[in-house]
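# Summary of structural features
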Amino acid sequence: MTAAAASDLGGANVAAFLDMLAVSEGTDIPAQRSRDRGYDVIVGGQLFNDHRDHPRVLVSLPRYGIKSSAAGRYQFLRSTWDDLRARLDLPDFGPVSQDRAAVALLKQCGAYDLIRLGRFDAAVAAARRIWASLPGAGYGQKEHALETLRTAYRAAGGLLQ
């Protein structure tokens, strides 16, 4: 993420939190990096090329006994994306739109101000209702340890209070 993009989203801590979310959601892992840092990942690892809209692919995940339409860097479900796109008047499913939508979700759940203040643990707790990979989410999917996520956040330039 560029410095300008970080500033537009709320500063370095917010940008670092978004980077941490991508690591947590499995879309931006350096050893397995997609061509564009996870903005093109469909749940399960398939990639898509067209950013005009959410890819709307329903993927069966037998390991978890679910089907999911999650896609993009922050693994937006189709229904969540449709709501965010309409509310925020997003033009496409490109990286800038995905970042703006993720920030809107962080604001909606009360994590945004906590992130800006460097209250990482509290922000993760607030955001876990939205992202299943965060510790304590309780969706029955793989959750990451808080310390692992703190490390990713710090590595992305995030500061702790």
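What comes next concerns the included structure. Because the structure is a prediction, the values reported are computed rather than measured. (Residues numbered from 1 in each chain as written. Predicted model: local features only at pLDDT ≥ 70, side-chain atom pairs only at ≥ 80, totals over all residues. Heavy atoms only, no water.)

Right, let's talk about the overall build of the protein for a bit. In terms of helices and strands, the protein carries seven helices and two strands. Helices and strands in the protein line up, N terminus first, as α-α-β-β-α-α-α-α-α. Taking 161 residues into account, the globule formula puts the C-alpha radius of gyration at 15 Å, and the protein, at 15 Å, falls close to it. Counting only C-alpha atoms, the protein reaches 40 × 35 × 30 Å along its principal axes. Looking at the protein residue by residue over its 161 residues, the buried ones come to 47%. Within the protein, counting contacts between residues at least 6 apart in sequence, those at least 24 apart form 51% of the total. Total accessible area computed for the protein in this model is approximately 8000 Å², and 51% of it derives from carbon and sulfur atoms. Between the mean site of the 20 positive side-chain charges and the mean site of the 17 negative ones, the protein shows a separation of 4 Å. (Helix = DSSP H or I, 4+ residues; strand = E, 2+ residues; numbered from the N terminus. Rg over C-alpha atoms; globule rule 2.2 N^0.38 Å. Buried < 20%, exposed > 50% of the residue type's maximum accessible area, 1.4 Å probe, protein only. Contact = heavy atoms within 4.5 Å. Areas by Shrake-Rupley, 256 points an atom, 1.4 Å probe, with all protein chains shown as cover. Lys, Arg positive; Asp, Glu negative; His and termini not counted. Charge placed at Lys NZ, Arg CZ, Asp CG, Glu CD.)

Inspection of the secondary structure puts Glu 25 in the loop between helix 2 (12-24) and strand 1 (59-61). Although buried, Glu 25 forms no salt bridge, and the nearest oppositely charged side chain, Lys 142, lies 11 Å from it. Polar contacts involving the side chain of Glu 25 include one to the side chain of Ser 133, which spans 2.6 Å. Leave out the neighbours within four places in its chain, and Glu 25 touches Arg 73, Tyr 74, Gln 75, Trp 131, Ala 132 and Ser 133. (Salt bridge = Lys/Arg side-chain N within 4 Å of Asp/Glu carboxyl O. Polar contact = N/O pair within 3.5 Å; in protein donor to acceptor, adjacent residues only side chain to side chain.)

At a minimum axis distance of 11 Å, the contact between helix 6 (residues 120-127) and helix 7 (residues 146-155) shows a crossing angle of 115 degrees. If you check the angle between helix 6 and helix 7, you find them roughly perpendicular. Relative to helix 7, the crossing made by helix 6 is right-handed. Here Phe 120, Asp 121 and Val 124 of helix 6 come into contact with helix 7, specifically with Leu 146, Leu 149, Arg 150 and Tyr 153. Of the residues contributing to the contact of helix 6 with helix 7, the split by class is five nonpolar, no polar and two charged. (Axes fitted to C-alpha atoms, helices over the stretch in contact; angles between N-to-C directions. Parallel < 35°, antiparallel > 145°, perpendicular 65-115°, else oblique. Left-handed = near helix turned anticlockwise from the far one by under 90°. Nonpolar A, V, L, I, M, F, W, Y, C, P; charged D, E, K, R; others polar.)

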